[in-house]
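Descriptive structure summary
Residues per chain are reported as follows:
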Amino acid sequence: MANIYQQMESEELDAAIEELEREAADLKAQNLALDMARGKPSPEQTALARPMLDVLNSSTPLVDGNAIVDNYGTPEGLPSARRLASEILGVDAENVVVNGSSSLNLMHDLVTHGFTNGVAGNKPFYQQGEVKWLCPAPGYDRHFSVTAHLGIKNVPIPMLEDGPDMDMVQRLVEGDPSVKGIWCVPKYANPTGITYSDEVVRRFAQLQPAAPDFRIYWDNAYCVHAFGEKDDNLLNIFDALEEAGNTDLVYEFGSTAKVTFPSSGIAFVAASKADITEIRKAFAVERVSSEKFSQLAHVLFLKDLDGVKAHMRKHAAIVGPRFALVEQKLTDGLGQTGVATWTHPHGGYFVSFDGPKGSARKTVALMAELGVKLTPAGATWPYGDDPNDSNIRIAPTYPSLEDLGKALDVFVVAVKLVSARLARESRA
Ligand code: PMP
């Protein structure tokens, strides 16, 4: 559909801008203070896991299989927690390490390990000259920060409807030995909400990297986070690897940050036999042990994959209506304007929104003026550089439904006003 502002006669466009400026001024006068910036669960969601705080007390047996909970040991994680993590990821418990409360920490640890000590007996990255990392974009800003922080060169890869542009991924991974990794969020991706197709997963599994120390960072952060009737199906990457006769290629991550409590969940990594052996050795230098009370509490509370799924249905009842509201407000407000497109995810924490070229920074700045905080424009690209300056990440989970509705009303006005002004500028 064509951009209605570009189609208007100049006088009509001036009148539309004036009207939108009046609406914006009215909104500003309301002194709103709303936040749609980060993918955080709402207080109602974290309250769902409060009963977990009651499952441990001074008479709880502090043993787990042959592991002791109240002392050092078992750095790979309690057996029951590894079992739970393995069920969540669909992998063998032997190939899982549960450690810490943040999967991003584990990813950071492993990139750093590659940098300082090397992967699979290869030279550390710091001794290999320029090192590159592939960054499907729009993507998760904190992934990009981990590699950028070490001076690794982040290379943007276009995100298509069913995953990253695999022709480009394959060309770079198989042709350039300085490419050492790729960031992937294969299910309900941050921020597009898409799930990689079977073909994309298979192409990842079939890669023949030029670098023996290349690994796919498969961050399955949202694997149990459907919020509607339909749950996308993601092909299991380790099954695809087996089918392709490939091994030692993938580190898969997950956590319960958005199942129980962000910052107090349990985090885990799975990998091939050889890779997980190396990971355990690397972690052993950093950690004598792991947060076993938290692991035990998670297992007593969630029990198994069925328990996780039942708990996630409670989240879905809270999150689903928020995403439905985003869809409704954007469709009602912008559906007939031809200025924007957005994603329609079945799970995860985000909607990815694209306005006209050159609009994102202006829209985010105007939203701040009108009292609504958004993720900084460009954050979804490596180095904050969205080449079209069009993408905005909408995070609808944290605000109440009422606040979210208000924030989206402001957003619609801001997008229209910025789009109309851009249409006028393009005529000047
Ligand atoms: N991966 C992705 C894709 C995320 O969106 C987030 C949280 N926003 C994380 C990891 C962080 O997870 P954790 O709290 O386990 O570090």
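Residues numbered from 1 in each chain as written. Predicted model: local features only at pLDDT ≥ 70, side-chain atom pairs only at ≥ 80, totals over all residues. Heavy atoms only, no water.

**Re the overall build of the protein**
Looking only at helices and strands, the protein has 14 helices and 15 strands in total. Radius of gyration (C-alpha) of the protein: 23 Å, near the 22 Å computed for a compact globule of 428 residues. With the C-alpha coordinates of the protein rotated into their principal frame, the extents come out at 75 × 55 × 35 Å. Within the protein, buried positions represent 56% of all 428 residues. (Helix = DSSP H or I, 4+ residues; strand = E, 2+ residues; numbered from the N terminus. Rg over C-alpha atoms; globule rule 2.2 N^0.38 Å. Buried < 20%, exposed > 50% of the residue type's maximum accessible area, 1.4 Å probe, protein only.)

**Comments concerning the environment of Gly181**
Assignment of secondary structure puts Gly181 in strand β8 (residues 179-184). Along the chain, Gly181 and Cys135 lie 46 residues apart, while their C-alpha atoms are 8.9 Å from each other. For Gly181, the residues in contact, after removing those within four places along its chain, are Lys132, Trp133, Leu134, Phe214 and Arg215. (Contact = heavy atoms within 4.5 Å.)

**Thoughts on the state of the cysteines**
Per the counting criterion, the structure on display carries zero disulfides. Of all cysteine sulfurs, the one in Cys184 lies closest to Cys135, which takes part in no disulfide; the gap is 10 Å. (Disulfide = S-S within 2.5 Å.)

**Looking at the pattern of salt bridges**
When the charged atoms of two side chains with opposite charge come close together, those side chains can pair. In the structure shown here, the tally under the stated rule is 17 salt bridges. With its nearest N and O atoms 3.1 Å apart, the salt bridge here joins Arg424 to Asp14. Of this pair, Arg424 sits in helix α14 (residues 401-425) while Asp14 sits in helix α2 (residues 10-29), and the two are 410 residues apart along the sequence. Taking relative accessible area as the criterion, Arg424 reaches 36% and is therefore assigned partly exposed. Counted as one network, the salt bridges with shared partners bring together Asp109, Glu286 and Arg287. (Salt bridge = Lys/Arg side-chain N within 4 Å of Asp/Glu carboxyl O.)

**Some points on the nonpolar core**
The biggest cluster of nonpolar side chains holds 65 residues, and the ones touching the most others in it are Leu134, Val169, Tyr196, Phe204, Phe214, Ile216 and Trp218. Not counting residues up to four positions away in its chain, the partners in contact with Trp218 are Cys184, Pro186, Tyr196, Val201, Phe204, Leu234, Ile237, Val250, Tyr251, Glu252 and Phe253. In this structure, Ile17, Val351, Met367 and Val418 belong to the second largest nonpolar core, which totals 48 residues. (Core = buried A, V, L, I, M, F, W, Y, C linked by side-chain atoms within 4.5 Å.)

**Some details on the side chain of Ser255**
Tracing the sequence through the fold places Ser255 in strand β10 (residues 250-255). Look at Ser255 and you get buried, because its relative accessible area is 15%. Side-chain polar atoms of Ser255 contact the backbone nitrogen of Ala257, separated by 3.1 Å. If we ignore the near neighbours within four places in the chain, the residues touching Ser255 are Ser103, Ile266, Ala267 and Phe268. (Polar contact = N/O pair within 3.5 Å; in protein donor to acceptor, adjacent residues only side chain to side chain.)

Coordinates in, geometry out; function isn't part of it.
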